[in-house]
Amino acid sequence: MSITIRTFEDGDEHGVVRLFRDVFGREMTLKEWNWKYRGQGNGIVPSIVMEDDGTGIVGHYGGILLRMVRDGLEIKGASNCDVMIHPKFRSFIRLKKMHNLCIDELVKASVFMIYGFPTEDTLMIPADKLRLYERIEAVQEAVKDVMFGNSPFRFLYELLPLAFDDIRIDRLWDEAKDQFRLAVIRDRKYLSWRYGENPLFSYEIWGLKKRWSGDLLAVAVIKKERSEKLLIMDMVFKKDMLPVLLAKVENMAYSEGKKKLSLWAPRQIRDILWDRGFSFLTTGTTLPRAMHPLTLSKNEVSENFFYTMGDTDYL
């Protein structure tokens, strides 16, 4: 076999979507690929491919560039996803070579926050053996049985449906961003791309405001499963507004007959969720960090990274 491991080049997407079908048994269309990897207007796709002279693309280590904030300053981040090798070409050595090249190229491009959400039964087992990542924490899902709340929140505040490109979302993010010491920039450009233009799933965005004001105090992106559960995919909120947002979304879930409310629980909001009556379940998903010495430390990511279900590419 004549194998080459290299950075992504225009046109490789055709081989990537074929490989995705062969490995995962689902068709990834070129429309989906373009949305995921180029939909934000990124000029560079920081992915790595493995190519065989006869077969074509037989390996892929995906990367999505993201605008992030770190202690008030904008930085570049990257989410790794769609890590796959055709069964006939699998080896730990090749996986490690793709990983190392991907991380090295990202660091050379001044990307120091590199993350993903691999599951235990896919990437994390070989990643542990190869020392590709350092585990930060097991992702916790916060779940609550939905009950109708009759607190003052019900009368003082209201939820209203929004468009993903509502300009008030940018104003909200500007006023709330200092609470998020390390996070993806959740402005309307990001929310429109991640949710409004998503070719796979349908989402709604709801805004929280006082009844006598038009200013947004928080937003929640929700996904209504074909089940008893309502998912809070994403959130932006001003100081002290998270309990209000959760109460209003729970009442909305109750009115629609949903039995459970669910969201991911990063460390920064677990106390609030606990006080609101949520319990915590281990998801089987892990938040790791790249072990390159120039990437952000385990302690900083653990203490400061605010993440949601929407930081994945599969929910």
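In case you missed it, the structure is sitting above this.
Residues numbered from 1 in each chain as written. Predicted model: local features only at pLDDT ≥ 70, side-chain atom pairs only at ≥ 80, totals over all residues. Heavy atoms only, no water.

**What about the state of the cysteines?**
Note on terminology: a disulfide is the covalent bond linking the sulfur atoms of two cysteines. Taken as a whole, this structure holds zero disulfides when the rule is applied. C102 provides the cysteine sulfur closest to C81, a residue in no disulfide bond, and the two sulfurs are 9.6 Å apart. Under the relative-accessibility criterion, C81 is labelled buried at 6%. By relative accessible area, which is 1% here, C102 ends up buried. (Disulfide = S-S within 2.5 Å. Buried < 20%, exposed > 50% of the residue type's maximum accessible area, 1.4 Å probe, protein only.)

**Quick word on empty space enclosed by the protein**
According to the stated counting rule, one finds three cavities of 30 Å³ or more in the structure shown. Volume-wise, the largest cavity comes out at about 110 Å³. Lining of the largest cavity is provided by 14 residues; of these, I64, W193, R194, D311 and T312 occupy positions nearest its centre. Elements with a minimum of two residues in the lining of the largest cavity: α2 (30–38), β3 (56–70) and α7 (188–196). Sorting elements by how many residues they give to the lining of the largest cavity places α7 first, with three residues. Classifying every residue of the lining of the largest cavity by side-chain character gives seven nonpolar, three polar and four charged. (1 Å grid on protein atoms, 1.4 Å probe; cavity = no way out; pocket = protein on both sides within 12 Å on 5 of 7 lines; lining within 4 Å. Points joined across faces, edges and corners; volume = space filled by probe spheres on them. Helix = DSSP H or I, 4+ residues; strand = E, 2+ residues; numbered from the N terminus. Nonpolar A, V, L, I, M, F, W, Y, C, P; charged D, E, K, R; others polar.)

**What about the sheet that holds strand β7 (residues 157–161)?**
Ordered in space as β7-β9-β10-β11-β12-β6-β13, the seven strands form an open sheet in which the pairing is mixed. Of all strands in the sheet, those bounded by a partner on one side alone are β7 and β13 (279–290). In this sheet, neighbouring strand axes are inclined to one another by 30° on average, regardless of whether the strands run parallel or antiparallel. Sheet analysis places strand β6 (residues 133–145) next to β13, joined by nine bridges and oriented antiparallel. Looking at the pairing, Q140 lines up with T282 of β13. (Pairing = 2+ DSSP bridges. Axes fitted to C-alpha atoms, helices over the stretch in contact; angles between N-to-C directions.)

**Some thoughts on the side chain of D311**
Here D311 is to be found in the segment after α10 (298–304). Assessed through its relative accessible area of 5%, D311 is described here as buried. Here the side chain of D311 touches R186 through a polar contact of 2.8 Å, side chain to side chain. Side-chain polar atoms of D311 contact the backbone nitrogen of T308, separated by 2.9 Å. (Polar contact = N/O pair within 3.5 Å; in protein donor to acceptor, adjacent residues only side chain to side chain.)

**Some words on the environment of I103**
Inspection of the secondary structure puts I103 in helix α3 (residues 92–108). For the pair formed by I103 and S47, sequence separation is 56 residues and the distance between their alpha carbons is 9.8 Å. Ignoring anything within four residues of it in the chain, the contact list for I103 reads N80, I114, A290 and H292. (Contact = heavy atoms within 4.5 Å.)

**Side note on the layout of surface pockets**
By volume, the second largest pocket amounts to about 250 Å³. Around the second largest pocket, the lining is made up of 16 residues, and of these Q179, F180, F237, Q268 and I269 lie nearest the centre. Looking at the lining of the second largest pocket, the elements with two or more residues in it are α8 (242–255) and α10. Residues of the lining of the second largest pocket, tallied by class, amount to eight nonpolar, three polar and five charged.

**Describing the nonpolar core**
Core analysis: the largest hydrophobic core is formed by 83 residues, its most contacted members being V249 and F305. By size, the runner-up hydrophobic cluster in this structure holds 20 residues, among which are M50, V58, L95 and I114. (Core = buried A, V, L, I, M, F, W, Y, C linked by side-chain atoms within 4.5 Å.)

**Here we look at the packing of aromatic side chains**
Counted under the stated rule, the structure contains 20 aromatic pairs. Ring centres of F8 and W33 lie 5.4 Å apart, and the angle between their planes is 20°; on these two criteria the pair is classed as stacked. Of this pair, F8 sits in the loop between β1 (3–7) and α1 (12–24) while W33 sits in helix α2; the two residues are 25 residues apart in sequence, bridging distant segments of the chain. The residues F8 and W33 share a single accessibility class, namely buried. Consider the rings of Y190 and W193, whose centres lie 5.8 Å apart with planes at 55°: the pair is tilted. In this pair, Y190 and W193 are both assigned in helix α7, three residues apart and thus about one turn of the helix distant. (Phe/Tyr/Trp six-rings, centres within 6.5 Å; stacked < 30°, edge-to-face > 60°.)

**Details of the pattern of salt bridges**
In the structure shown here, the tally under the stated rule is 29 salt bridges. A salt bridge links R38 to D10; its shortest N-O distance comes to 2.5 Å. Of this pair, R38 sits in helix α2 while D10 sits in the loop between β1 and α1; the two residues are 28 residues apart in sequence, bridging distant segments of the chain. R38 sits in the partly exposed class, given a relative accessible area of 24%. Between D187 and R67 there is a salt bridge whose closest N-O contact spans 2.9 Å. With D187 in the loop between β8 (182–184) and α7 and R67 in strand β3, the pair connects residues that are 120 residues apart, well separated along the chain. The exposure class of R67 is partly exposed, given its relative accessible area of 24%. (Salt bridge = Lys/Arg side-chain N within 4 Å of Asp/Glu carboxyl O.)

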